[in-house]
Amino acid sequence: ADRKTWLELGREERLLSATGEMLGCEELLLKSTHLLVKPPRDGLALCWHQDNTYWPGVKGVDVGTVWLAIDDSDLANGCMKVIPRTQDGHPELEMIPTDGDDLLGVRVEVTPAMESAAVARELEAGDLSIHDSFIIHGSERNESDRRRAGRTLRYANAATVKGDLEQH
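It should be emphasised that the depicted structure is a prediction, and the values quoted were computed from it without experimental measurement.

Undergrad: Explain the sheet that holds strand S8 (residues 128-132) residue by residue, including any values.
TA: Reading across the sheet, the four strands line up as S1-S10-S3-S8 and stay open at both edges, with antiparallel pairing between neighbours. Lying at the two open borders of the sheet, with one neighbouring strand each, are strand S1 (28-38) and S8. If you compare each strand with its neighbour and ignore which way they point, the axes differ by 20° on average. The pairing of S1 with strand S10 (residues 148-157) spans 10 bridges and is antiparallel. Within S10, the residue paired with Lys38 across the bridge is Arg148.

Undergrad: Would you mind going over helix H2 (residues 13-23) in detail, with residue names and values included?
TA: Within the span of H2, buried status applies to Leu15, Thr19, Gly20 and Leu23. One side of H2 holds all its buried residues, which, seen down the axis, span an arc of 115°. For H2, exposure combined with an orientation more than 90 degrees from the buried face picks out Glu13 and Glu21. If you follow the buried residues of H2, they end up packed against helix H1 (6-10), S1, strand S3 (63-69), S8 and S10. Gly24, located one to two residues past H2, shows a positive phi value of around 70°.

Undergrad: How would you summarise unusual backbone geometry if you had to cite specific residues and measurements?
TA: The phi angle at Arg41 is positive, at roughly 50°, despite the residue not being glycine. You will see that His90, though not glycine, has its phi angle at about 55°, which is positive. For His90, the position within the fold is in the loop between strand S4 (80-82) and strand S5 (96-97).

Undergrad: Give a description of the pattern of salt bridges that names residues and reports values.
TA: All chains considered together, the criterion is met by six salt bridges. For the salt bridge of Asp74 with Arg146, the shortest nitrogen-to-oxygen distance reads 2.8 Å. With Asp74 in the loop between S3 and S4 and Arg146 in the loop between strand S9 (137-139) and S10, this residue pair connects regions lying 72 residues apart in the sequence. Classification of Asp74 by relative accessible area gives buried; the value is 18%. With a shortest N-O distance of 3.0 Å, Arg141 and Glu143 are connected by a salt bridge. Judged by relative accessible area, which is 32%, Arg141 ranks as partly exposed. Given a relative accessible area of 43%, Glu143 falls into the partly exposed group.

Undergrad: Describe the side chain of Asp51, with residues and values.
TA: Structurally, Asp51 can be placed in helix H3 (residues 51-54). Within the structure, the side chain of Asp51 is placed 2.9 Å from the side chain of His131, a separation counted as a polar contact. At 3.1 Å, the side chain of Asp51 forms a polar contact with the side chain of His137.

Undergrad: I'd like to hear about the environment of Val106, residue by residue, with values.
TA: For Val106, the position within the fold is in strand S6 (residues 106-107). Taking the C-alpha atoms as reference points, Val106 and Trp48, separated by 58 residues in sequence, lie 8.4 Å from one another.

Undergrad: Report on the sheet that holds S9, specifying residues and quantitative values.
TA: Reading across the sheet, the four strands line up as S2-S9-S4-S7 and stay open at both edges, with antiparallel pairing between neighbours. Each having just a single partner strand, strand S2 (46-49) and strand S7 (119-120) make up the two edges of the open sheet.

Undergrad: Tell me about the nonpolar core, and name the residues and values.
TA: Among soluble globular proteins, nonpolar side chains are generally buried collectively. Leu36, Trp67, Ala69, Met80, Val82, Leu123 and Ile135 form the largest nonpolar core, which has seven residues in total. Listing elements by their share of this core, those giving two or more residues are S3 and S4. Leaving out residues up to four positions away in the same chain, Ile135 has contacts with His49, Gln50, Val82, Ile83, Pro84, Arg85, Thr86 and Gln87. In this structure, Leu9, Leu15, Val66 and Tyr155 belong to the second largest nonpolar core, which totals six residues.

Calculation criteria
Residues numbered from 1 in each chain as written. Predicted model: local features only at pLDDT ≥ 70, side-chain atom pairs only at ≥ 80, totals over all residues. Heavy atoms only, no water. Pairing = 2+ DSSP bridges. Helix = DSSP H or I, 4+ residues; strand = E, 2+ residues; numbered from the N terminus. Axes fitted to C-alpha atoms, helices over the stretch in contact; angles between N-to-C directions. Buried < 20%, exposed > 50% of the residue type's maximum accessible area, 1.4 Å probe, protein only. Arc of directions from axis to C-beta. Contact = heavy atoms within 4.5 Å. Salt bridge = Lys/Arg side-chain N within 4 Å of Asp/Glu carboxyl O. Polar contact = N/O pair within 3.5 Å; in protein donor to acceptor, adjacent residues only side chain to side chain. Core = buried A, V, L, I, M, F, W, Y, C linked by side-chain atoms within 4.5 Å.

Remember that the coordinates give geometry; whether it matters functionally is a separate question.
The following block contains the structure:
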């Protein structure tokens, strides 16, 4: 099997092209990358959140997250859901502590109408989804007998995002 390192994956042309198109730029910085795994019948929920207010090193308004599905990701095993257009105007919402029965320990406030507008991002292994760092998103716990794993890669427009360039 052709196995790539995470750095080689971060340089993949399809990821760079799609992310650059979304952010409207040609030069990208890979700011951070994380492996997110929800074991079968386990794995905590990720409450509604924005990447820009939670993840270290995610600063500026020209930042996007690539979510690369390692496993099939669907409603049964806790796929990501997004609330469309919540990134408009780049609102930086307050992070509110949760009761601790979730992965992040914080959430943003959403209305019932916003929550009902959420769209599931069901993906097959190898598919990818790209979202703006300001869009509100989250996921339920994994209630299935299957693992749900994905790799996130956060890219920023090199021309407009300044500041912390530490590696994660």
